[in-house]
Every structure is written in structure tokens, then in C-alpha cells.
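Survey of secondary and tertiary structure
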Amino acid sequence: MHIEPGMIAPAKLAFAAVTASAVYLGYLPQLFRRPALLLRTALAAIFFSMFMQAFHMQVGPSELHFIGAIPIYLSFGFLPTLFGFALGLLLQGALFEPQDLVHLAVNSLSLAVPLMAMHYSFGRKLQSVNVTTLLKLDAMYYSGVTLMVGFWLAVSNPATSFLAWAQFASSYLSLVLLEPVFSLGILWLIRRFSHRKLVALCLYEGTLSASSIASSSDV
């Protein structure tokens, strides 16, 4: 989901920076209203950075990363995930890929916009979590990521061909199929240890409360 440096003109980078700033500044008061969210945001950023570094490869005009978006979202909640993505990208750029910092706003929006769309259309209505639910969340989210990457590539200089984008988009099918298995393992661990106070403090109290980590077939 990274857009390589040099592909987007400075004026479009400025537009992305203004848009990303508006998004994050709009949510910032909600984040600081609850101190527990700050801890979850830090954890989301750390896990996201670890996942990205654990697996990434060049695919066509962009990169395929293991993002771990859905297990992070279900574990820590919407706001910590939203800010954790931006902080994780900043951390990755500062420590490993400084050339990516120029596209920090672009890459943050590529992750944040699909997250917001998924959360407000489906995620916050969840009553239980099972394989069907996880597949739906993954499909919704990663479809959004690939569409956002397609948007940035369409306005790049020069514009990237549709076939090159399709090669990249198809690579994310592996995440849609494999990440739910990882998510189930995370949910099992959380259900097993959620009674411990420190674990409960670190976790989102809604979707992943002990009563809502369900094994039922309801979506």
C-alpha cells in the first residue's frame, strides 16, 4: 500500500497532507478524552509496525504488506487503530524507510479512509465475531485499500496503467484469505486472558468483551 517517492507531484502531496490533517485533527479530541485510548493507540502503532516489517514485498507499482488491520481494529478499537496506522507509518519511516516520509499523508489516507468506511458501515454494528464476519471485514477493508492505492496511482506522474494496479490489487486476495486465520488466533488468546486486569486495560471493551467474542454463526 506504499506509494513510492517521486510518483506524486508536490501539489497533490500538499492536498493529501491537508486532507490527512483534517481527518486526524477532527478525531483528536475524542482520543484525548479517554486516557486508556492513548495506551491502545501506542500498542496499535507498535503491532502495526511489527506486522509491516514482518512481511512486505514489491508488487507492481506498490507494495504488499501484512497489515493486520482487522485484528488490530478488533483488539484496540477504531480510534487507536486510526491513529496507530499514522504513528506506525511515521515510526517505520523514521527507523527503516526515511524516503517514505514524504508520502506519510498519502499512505496514512490509504489506510485511514477504508478503515472509516468499514467502521461506520459495518464494524461498529458488530454483535459477534466469527469466520464469516472476519472475511467480510477483511474483504471490505482491503478492497478499500486497493481502491485508494488505485486513486493515488491514477493521479501519479505519469499515471500508472490499470493492469499494473490490477496486479497489485490481486495480491491482496492472499491477505483476505489468510488474515482471518490470524485474527481467530488473536481472538482466542484474548478470550483466554481477558479476565486479567492489565489485558483488559489494553483492549477495546466493546467488540472484544468476554461476552461478544462469539463462536456462533450469526454475522
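Our subject is the structure listed above.
What comes next is a walk through the structure. Note that the structure is a prediction, hence the values are computed from the model and not measured.

Procedures and definitions
Residues numbered from 1 in each chain as written. Predicted model: local features only at pLDDT ≥ 70, side-chain atom pairs only at ≥ 80, totals over all residues. Heavy atoms only, no water. Helix = DSSP H or I, 4+ residues; strand = E, 2+ residues; numbered from the N terminus. Buried < 20%, exposed > 50% of the residue type's maximum accessible area, 1.4 Å probe, protein only. Areas by Shrake-Rupley, 256 points an atom, 1.4 Å probe, with all protein chains shown as cover. Core = buried A, V, L, I, M, F, W, Y, C linked by side-chain atoms within 4.5 Å. Contact = heavy atoms within 4.5 Å. Patch = residues over 30% accessible without salt bridge, like charges linked within 9 Å, V, L, I, M, F, W, Y side chains within 5 Å. Salt bridge = Lys/Arg side-chain N within 4 Å of Asp/Glu carboxyl O.

**Digging into the overall build of the chain**
Secondary structure assignment for the chain yields nine helices and two strands. Across the chain, helices and strands are ordered from the amino to the carboxyl terminus as α-α-β-β-α-α-α-α-α-α-α. Counting over 219 residues, the chain shows a buried share of 50%. Counting only carbon and sulfur atoms, one obtains 71% of the accessible surface of the chain, whose full area is about 10200 Å².

**Some words on the nonpolar core**
Ranked by size, the top nonpolar core spans 56 residues in total, and within it Leu74, Leu82, Tyr141 and Tyr142 carry the most contacts. Apart from residues no more than four positions distant in its own chain, Tyr142 is found in contact with Ile67, Gly68, Ala69, Tyr172, Leu175, Val176 and Glu179.

**Things to note about a nonpolar patch on the surface**
On the surface, Leu39, Leu198 and Leu201 cluster together into a nonpolar patch covering about 280 Å² of accessible area. Following the sequence through the fold, Leu201 ends up in helix 9 (residues 197-202).

**Focus on helix 3 (residues 69-76)**
Taken across its eight residues, helix 3 has eight buried, putting it largely inside the fold. Every buried residue belonging to helix 3 is among Ala69, Ile70, Pro71, Ile72, Tyr73, Leu74, Ser75 and Phe76, and all of these are buried. At the C-terminal side of helix 3, Gly77 shows a positive phi close to 100°.

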